[in-house]
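Listed below are the residues making up each chain.
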Amino acid sequence: MRIRTIATTAVAAGALAALTAAPAQAAEYSSALKIRGIQYDAPGRDSNAYATGNTDDEYLTIKNYSSGSTVNLKGYVVKDKAGNRFIFTANHYLQPGDYVKLRGGRGTDSDARNVVYRDNCNFMWNNDKDTIYLMKPSGAGADTHAYTKSQNDRDGNGYITYHN
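None of these values were measured; they are calculated from a predicted model.

**So, the packing of aromatic side chains**
Here comes step 1: Applying the stated rule across the entire model yields three aromatic pairs.
Here comes step 2: With centroids separated by 4.8 Å and ring planes inclined at 35 degrees, the aromatic side chains of Tyr 40 and Tyr 147 adopt a geometry described as tilted. Of this pair, Tyr 40 sits in the loop between strand E1 (33-39) and strand E2 (59-64) while Tyr 147 sits in strand E10 (residues 141-148), and the two are 107 residues apart along the sequence. Exposure class is identical for Tyr 40 and Tyr 147. Each is buried.
Here comes step 3: Just above the ring of Tyr 59 sits the side chain of Lys 101; from NZ or CZ to the centre is 4.4 Å.

Okay, here's the thing in structure tokens:
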């Protein structure tokens, strides 16, 4: 019995060493849709007042990186680490290379202007750090990014680019 315990401990220690030796990497999904960038901190003083607020200046850009497939956003979910979420409930088609800005606040969705509004005047993204999840209608991951203001926003403008 002692030999089995030693062998099991050695295998577990080897597996742990292999896990800790490998560099941490972000999840990479095989999805045409990717998070292009995020304006996580709206310029100016944050105000979520419906008439005079600036939540529409906070946005997430989602781009179709496919070379030949159109993607319908209906059913896709965008959420943050705290569980705040937005579900694309209407058809919104992204041609290859096309993008959409998911903005806070209220407004009129427009394919021509590449914009969808959350119709919610609360800020979704934290100004210091957060994690962004883009989920397919099936619930599978499409793209995920974590950010911290100090590490990812070197120029301090509140905008971070992920995929070019």
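**Some points on the environment of Phe 88**
Here comes step 1: Tracing the backbone shows Phe 88 in the loop between strand E5 (85-87) and strand E6 (93-94).
Here comes step 2: Once the C-alpha coordinates of Phe 88 and Val 116 are considered, the two residues, 28 residues apart in sequence, prove to be 8.7 Å apart.
Here comes step 3: The contact partners of Phe 88, leaving out residues within four places of it in the chain, are Ile 62, Leu 73, Lys 74, Gly 75, Tyr 76, Val 78, Leu 102 and Val 116.

**What to know about the sheet that holds strand E4 (residues 77-80)**
Here comes step 1: Pairing is antiparallel in the open sheet, where four strands are placed in the order E5-E4-E9-E10. With one partner strand each, in any of the chains shown, E5 and E10 form the two edges of the open sheet. If you compare each strand with its neighbour and ignore which way they point, the axes differ by 10 degrees on average.

**A closer look at the side chain of Asp 143**
Here comes step 1: Secondary-structure assignment places Asp 143 in strand E10.
Here comes step 2: Lys 34 provides the closest opposite charge to the buried, unpaired Asp 143, separated from it by 4.7 Å.
Here comes step 3: Looking at Asp 143, its side chain comes within polar contact range of the side chain of His 163, at 3.2 Å.
Here comes step 4: With residues up to four places along the chain from it excluded, the contact list for Asp 143 reads Tyr 29, Leu 33, Lys 34, Ile 35, Ile 132, Tyr 133, Leu 134 and His 163.

**Quick word on unusual backbone geometry**
Here comes step 1: The phi dihedral of Asn 114 is positive, around 55 degrees, even though this residue is not glycine.
Here comes step 2: If you trace the backbone, Asn 114 turns up in the loop between strand E7 (99-103) and strand E8 (115-117).
Here comes step 3: Phi is positive for Asp 119, close to 55 degrees, though the residue is something other than glycine.
Here comes step 4: Mapped onto the elements of the fold, Asp 119 is located in the loop between E8 and strand E9 (129-135).
Here comes step 5: Judged by relative accessible area, which is 40%, Asp 119 ranks as partly exposed.

**Concerning the side chain of His 163**
Here comes step 1: If you trace the backbone, His 163 turns up in the segment after strand E11 (159-161).
Here comes step 2: Excluding residues within four positions of it along the chain, His 163 makes contact with Lys 34, Ile 35, Arg 36, Tyr 65, Asp 143 and His 145.

**Focus: the sheet that holds E11**
Here comes step 1: The strand order E8-E7-E2-E1-E11 describes an open sheet built from five strands, whose pairing is mixed. Of all strands in the sheet, those with a lone pairing partner are E8 and E11, marking the two edges. On average, each strand axis in the sheet is inclined to that of its neighbour by 25 degrees, with strand direction left out of account.
Here comes step 2: Pairing of E1 with E2 involves six bridges; the strand directions are antiparallel.

Criteria and cut-off values
- Counting starts from 1 at the beginning of each chain's written sequence and moves along it residue by residue.
- The predicted origin of the model limits local features to residues at a pLDDT of at least 70 and limits the giving and counting of side-chain atom pairs to 80 or more, whereas totals for whole chains, interfaces and linings rest on all residues.
- Each side-chain value is worked out from all heavy atoms of the structure, with water and hydrogens disregarded.
- In summary, the pairing rule links any two rings of Phe, Tyr or Trp, Trp by its six-membered ring, whose centres are within 6.5 Å, and it sorts them by plane angle into stacked for under 30 degrees, edge-to-face for over 60 and tilted for everything else.
- Strands here mean DSSP runs of E at least two residues long; helices mean DSSP runs of H or I at least four residues long; both are numbered from the N terminus.
- Exposure classes here rest on a 1.4 Å probe applied to the protein chains alone. A residue is buried below 20% of its type maximum, exposed above 50%, and partly exposed in between.
- Note on geometry: a ring has a charge over it if NZ (lysine) or CZ (arginine) is within 6 Å of the ring centre and within 35 degrees of the ring normal.
- Whether two residues are in contact is decided by their heavy atoms, any of which lying within 4.5 Å being enough.
- Two strands qualify as a pair provided that DSSP identifies no fewer than 2 bridges between them.
- Note on geometry: axes are C-alpha line fits, over the in-contact stretch for helices, and angles between N-to-C directions span 0 to 180 degrees.
- Neither His nor the chain ends contribute to the count of charged residues, in which Lys and Arg are positive and Asp and Glu negative.
- Here, a salt bridge means any side-chain nitrogen of Lys or Arg that lies within 4 Å of a carboxyl oxygen of Asp or Glu.
- Each polar contact in these results corresponds to two N or O atoms within 3.5 Å; when the atoms are within protein, one needs to be able to donate a hydrogen and the other to accept it, and residues that are neighboring in sequence are counted only if both atoms are side-chain atoms.

Everything listed here is a matter of coordinates, which is why it stays silent on function.
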